[in-house]
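# Fold and geometry: a report
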Amino acid sequence: MGILPRRGARVSEETQQDESGLGDTGALTRRILIGLAAGFVTGIVLNLGFTGTGFFAFLVDGVLHVGGQIFLSSLKLLVVPLVLVSLACGTAALEDVTKLGRIGGKTLGLYLLTTALAITAAIGIAVLVGPGEGAAFATTGLEYAPTEAPTLVQTLINIFPTNPFKAMAEGEMLQVIVFAILLGVAMTLAGESGRELLRFFDSANDVIMKLVFVLMEVAPIGIFCLIAKVIALQGPDSFDNMAKYFATVLFVLFLHATITYPTLLFLFARVSPVPFIRKLRAPMSVAFGTASSGATLPVTLRTVEERLGVDESVGSFTVPLGATINMDGTAIMQGVATVFIAQVYGVEIGPSGYLTVVVTATLASIGTAGVPGVGTIMLAMVLEQMSLPVEGIALILGVDRLLDMTRTAVNIAGDAAVSCVVARSEGKLDLDVYRSP
Ligand code: ASP
């Protein structure tokens, strides 16, 4: 029960509004999917028919680039205020620290479990398929300058901000999360003053969610620009030898999204996965278009709370945390890529080696920021740990963008699935909202 009684009522108010015209979410999902498909077609036409022309440069580097970047920036601008405000409100709504510990424990446990499952499947399937065997891969002269990955100790210390404003200005999401949780706890402990501040935060939360709502109206155009540009630039050449690797990653991503999450929902939340899959199409399309869990966060949060019926007190805690640390799709890519690179270079990994890959890739995916391409940078950490050649990353870079888009969609689906399970276990999943069409 939150401090402010009207919090519970808001979901249904918003849902009604959603259904009353401007924000018809079904129609919005359709428009986003149309934007996605149109982006694909336009990209292919541009790539096949206009590469190298002035028209191509004008459209791809000009119009599509500008449109896509404006959409991305406007999504990103919401992330820091949204995480701060919604997480502080969510924590305060839990009202006591033991509850926070319990929900936090369950959430972290499930995030780790799903990631470990994802990477185990990735390694198993990659070993069976052998994406790095057969074709001849030219490995001489490959170069990849790895960005230095931080050590575990550094990462732990870095979670705690010395200056919350600096953390926000620099978009250090884990630090913002820690600050928001502390603020939420303090608001509950501070009696009337805390309640006053919470009322302010609660209103701010409403306003920011409205902003998300407005922005979603232009999402189909933004997605169109982002997809068309990527496809137009991504020539078929980059797929030559990489088709097997590409298909293996896609296959495991697909399995994880269509088997692991639905099973999790069915077994642990005792709900049908069908509404989940249907309602997640819009945020997954945005994730696909932006290749950034962080940028998709406003949309994921809105879907989880308003369409899947996860109470704000749970969703505003689990979703921002997930967008920052839960990256199942990324772990899948890292697992397949490690096996692929080992096969290309003819290195035998062995069972205990695979276990190390599971652990390191789980940590690497936690350390991956929810922005495009970071999963590949963190892959260097896994390869180094396994004493595999880091320059092998250069092989997969050509097809990485499309995989990045797909794995990001899986990353946010994982956040949403775990949020539903945790909410259900706390009696905070509104089944009427979850099941509603
Ligand atoms: N783009 C991914 C995300 O934002 C991270 C990655 O795998 O590079 O979720």
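These notes cover the structure that comes with them. (Residues numbered from 1 in each chain as written. Predicted model: local features only at pLDDT ≥ 70, side-chain atom pairs only at ≥ 80, totals over all residues. Heavy atoms only, no water.)

## Quick look at the overall build of the protein
This is how it is decided: Helix and strand definitions here come from DSSP, where helices need a minimum of 4 consecutive H or I residues and strands a minimum of 2 consecutive E residues; each element is numbered from the N-terminal end. Type-normalised accessible area, obtained with a 1.4 Å probe on protein chains alone, sets the label of each residue: buried when under 20%, exposed when over 50%, and partly exposed for intermediate values. Here, residues are in contact when the closest pair of their heavy atoms is within 4.5 Å. Here, Shrake-Rupley sampling with a 1.4 Å probe gives the accessible areas, and only protein chains in the shown set may cover a residue.
For the protein, the count of helices and strands is 20 helices and 0 strands. The proportion of buried residues among the 437 residues of the protein is 55%. Restricting to contacts in the protein with at least 6 residues of sequence separation, those with at least 24 account for 85%. Carbon and sulfur atoms provide 68% of the accessible area of the protein, an area that totals close to 18000 Å².

## Digging into the packing of helix 12 (residues 281-290) against helix 13 (residues 293-307)
Using the following cut-off: Every axis corresponds to a line fitted to the C-alpha atoms, with the helix fit spanning only the stretch in contact, and the corresponding angles, defined between N-to-C directions, vary from 0 to 180 degrees. Orientation labels follow simple angle bins: below 35 degrees gives roughly parallel, above 145 gives roughly antiparallel, 65 to 115 gives roughly perpendicular, and whatever is left gives oblique. Residue polarity follows a fixed list, in which Ala, Val, Leu, Ile, Met, Phe, Trp, Tyr, Cys and Pro are nonpolar, Asp, Glu, Lys and Arg are charged, and the others, Gly among them, are polar.
Taken N-terminus to C-terminus, the directions of helix 12 and helix 13 make an angle of 175°; their axes are 9 Å apart at the nearest point. The orientation of helix 12 relative to helix 13 falls into the category roughly antiparallel. Across the interface between the two elements, Pro-283, Val-286, Ala-287 and Thr-290 from helix 12 touch Ala-295, Thr-296, Val-299, Thr-300 and Thr-303 from helix 13. Of the residues assigned to the contact of helix 12 with helix 13, the class counts are 5 nonpolar, 4 polar and no charged.

## Here we look at the site of the ligand
To keep things clear, this is the line we draw: When at least one non-hydrogen atom of a residue lies within 4 Å of a molecule or strand, that residue is treated as near it. Throughout this description, a polar contact denotes any pair of N or O atoms lying within 3.5 Å of each other; where both atoms belong to protein, one of them has to be capable of donating a hydrogen while the other can accept it, and for residues adjacent in sequence the pair is counted only when both atoms sit in side chains.
Lining the immediate environment of the ligand, one finds 17 residues, of which Ser-293, Thr-330, Gly-375, Asp-404 and Arg-407 sit closest. The contact in question runs from an oxygen atom of the ligand to an N or O atom on the side chain of Ser-293, over 2.3 Å. Interatomic distance of 2.6 Å between a side-chain N/O atom of Arg-407 and an oxygen atom of the ligand. Coverage of the ligand by the protein amounts to 100% of the 270 Å² it exposes when considered alone. At the level of elements, helix 17 (374-385) and helix 19 (400-425) are the ones that each hand at least two residues to the shell around the ligand. In terms of residue count, helix 19 provides more of the shell around the ligand than any other element does, 4 residues in total. Residues of the shell around the ligand, tallied by class, amount to 6 nonpolar, 9 polar and 2 charged.

## Structural notes on helix 19
The following threshold applies: A helix is expected to span 1.5 Å for every residue after the first.
Taking 1.5 Å per residue as the helical rise, helix 19 with its 26 residues ought to reach 38 Å, and the 37 Å between its terminal C-alpha atoms agrees with that figure. Of all 26 residues making up helix 19, 22 are buried, and the element is well covered by its neighbours. Looking at the residues trailing helix 19, positive phi occurs at Gly-427, about 70°.

## A closer look at the nonpolar core
Threshold: Here, nonpolar core refers to any group of buried Ala, Val, Leu, Ile, Met, Phe, Trp, Tyr and Cys residues whose side-chain atoms link them within 4.5 Å.
Ranked by internal contacts, the top residues of the largest apolar core, which has 126 residues, are Tyr-245 and Phe-276. The dominant element in this core, judged by the number of residues it contributes, is helix 3 (residues 54-94), at 15 residues. In this structure, Phe-276 is in contact with Tyr-261, Leu-265, Leu-308, Ala-413, Ala-416, Ala-417, Cys-420 and Tyr-434, ignoring residues within four places of it in sequence. If you look at the next biggest cluster of nonpolar residues, it comprises 7 residues, including Leu-46, Leu-64, Cys-225 and Ala-232.

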